[in-house]
Amino acid sequence: MPVRHFLGLDDLSESELRQLMARAIALKASLRKGKPEQFMQGKTVTLIFEKSSTRTRVSFEACIAQSGGSSIFLGPAESHLSRGESIEDTARVLSRMADLVIMRTGPHERLERMAEAASIPVINGLSDFNHPCQILADLQTFLEHRGDISGRKVAWIGDGNNVCHSWMNAARLLGFDLCIATPKQHAPDKEMVLRCRHHVILTQNPNEAACDADLVLTDTWSSMGHEQEAETRKETFRGYCVDESIMETAARDALFMHCLPAYRGHEVTKGVIDGPQSVVWDEAENRLHAQKALIEFLMSVN
Ligand code: CP
Ligand code: NVA
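> Talk me through the sheet that holds strand β3 (residues 100-104); I want residue IDs and the actual numbers.
Spatially, β2-β1-β3-β4 is the arrangement adopted by the 4 strands of the open sheet, whose pairing is parallel. The strands lining the two open edges of the sheet, one partner per strand, are β2 (70-74) and β4 (122-124). The sheet shows a mean angle of 20° between the axes of neighbouring strands, taken without regard to direction.

This is the structure:
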């Protein structure tokens, strides 16, 4: 049987995704009661990170520790990948020593190569193409605050980036409308748009995207790897800041989410991200619970 990995939300069926969200909520409750479930005893996880991270690293390491397992973190300069050892050889070696790999990288094909050569499950901790673990936590957060997201309207305002791509997959899997407002040259990937066309609408008008939305999303205008374009992007994205007037266009009880790290005064105002509609801290916390459910699931199906 081929190994099941988690490189994107479409590695799950709709029912598996719903099951994961429910399980994440249950695992959160167990932790709150001081009784975290010990499903990782004797298991070792390797984290291979070729880019910076605060939330992804800490949430994975904490969830593995809370579940009785142990983790080994290899940052950008710490493995031989940075000195030219192949991804395939790395995958084969890790498969003989660990039970799971979590990889954060740039080009998505590096993750695919890791998954192809590994005989243990590989989890995508972010690539330039997508960030599915983030959306597991975001979907859990919406469910906790507002119930089922199916049939709702969600607005994405800003860069059509990796986080946006994973939200597009979520819209297709769970059946909600995602209206994406970006400058023309920063629209999401064309193949993704085609694949998710029944649930995704593109516009260049942030107010059109936000109109009556139940959830407003944004992310940094300059993702990791685009730092040198930051100044130009500030100009291009002027007008795409999620501010109080955009939130007024949305539904009265709309939520605001941001995967973080956030840059106040750029993609979002301080008033919105620190305001009453923002659930960004729940979103960040839920990385812990959602990824715990994901690891438990992968260990049960593999
Ligand atoms: N949201 C998120 O993935 O944050 P980090 O880059 O800090 O891991
Ligand atoms: N789009 C951002 C997400 C960071 C969690 C980036 O790739 O840098």
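> Just give me the short version of empty space enclosed by the protein, but keep the residues and values in it.
If a probe as big as a water molecule is rolled over the atoms, it shows which places are left empty. Enumeration according to the criterion identifies 1 cavity of 30 Å³ or more in this entry. What the largest cavity holds in volume is close to 30 Å³. For the lining of the largest cavity, the secondary structure elements donating two or more residues are α6 (162-174), β8 (215-218) and β9 (255-258). When its residues are assigned to classes, the lining of the largest cavity shows 6 nonpolar, 2 polar and 2 charged.

> Pulling in residues and values, what's your account of the site of ligand 2?
Close to ligand 2 lie Leu-126, Asn-161, Asn-162, Asp-219, Ser-223, Met-224 and Leu-260, which account for all nearby residues. At 2.7 Å, a side-chain N or O of Ser-223 approaches a nitrogen atom of ligand 2. The separation between an oxygen atom of ligand 2 and a polar main-chain atom of Met-224 is 2.8 Å. Relative to its unbound accessible area of 270 Å², ligand 2 is 93% covered by the protein chains. One can see that ligand 2 is located within the largest pocket. When its residues are assigned to classes, the shell around ligand 2 shows 3 nonpolar, 3 polar and 1 charged.

Procedures and definitions
- Residues numbered from 1 in each chain as written.
- Chains lettered and ligands numbered in written order.
- Predicted model: local features only at pLDDT ≥ 70, side-chain atom pairs only at ≥ 80, totals over all residues.
- Heavy atoms only, no water.
- Pairing = 2+ DSSP bridges.
- Helix = DSSP H or I, 4+ residues; strand = E, 2+ residues; numbered from the N terminus.
- Axes fitted to C-alpha atoms, helices over the stretch in contact; angles between N-to-C directions.
- 1 Å grid on protein atoms, 1.4 Å probe; cavity = no way out; pocket = protein on both sides within 12 Å on 5 of 7 lines; lining within 4 Å.
- Points joined across faces, edges and corners; volume = space filled by probe spheres on them.
- Nonpolar A, V, L, I, M, F, W, Y, C, P; charged D, E, K, R; others polar.
- Near = heavy atom within 4 Å.
- Polar contact = N/O pair within 3.5 Å; in protein donor to acceptor, adjacent residues only side chain to side chain.
- Areas by Shrake-Rupley, 256 points an atom, 1.4 Å probe, with all protein chains shown as cover.
- Sits in = over half its atoms within 2 Å of the grid points.

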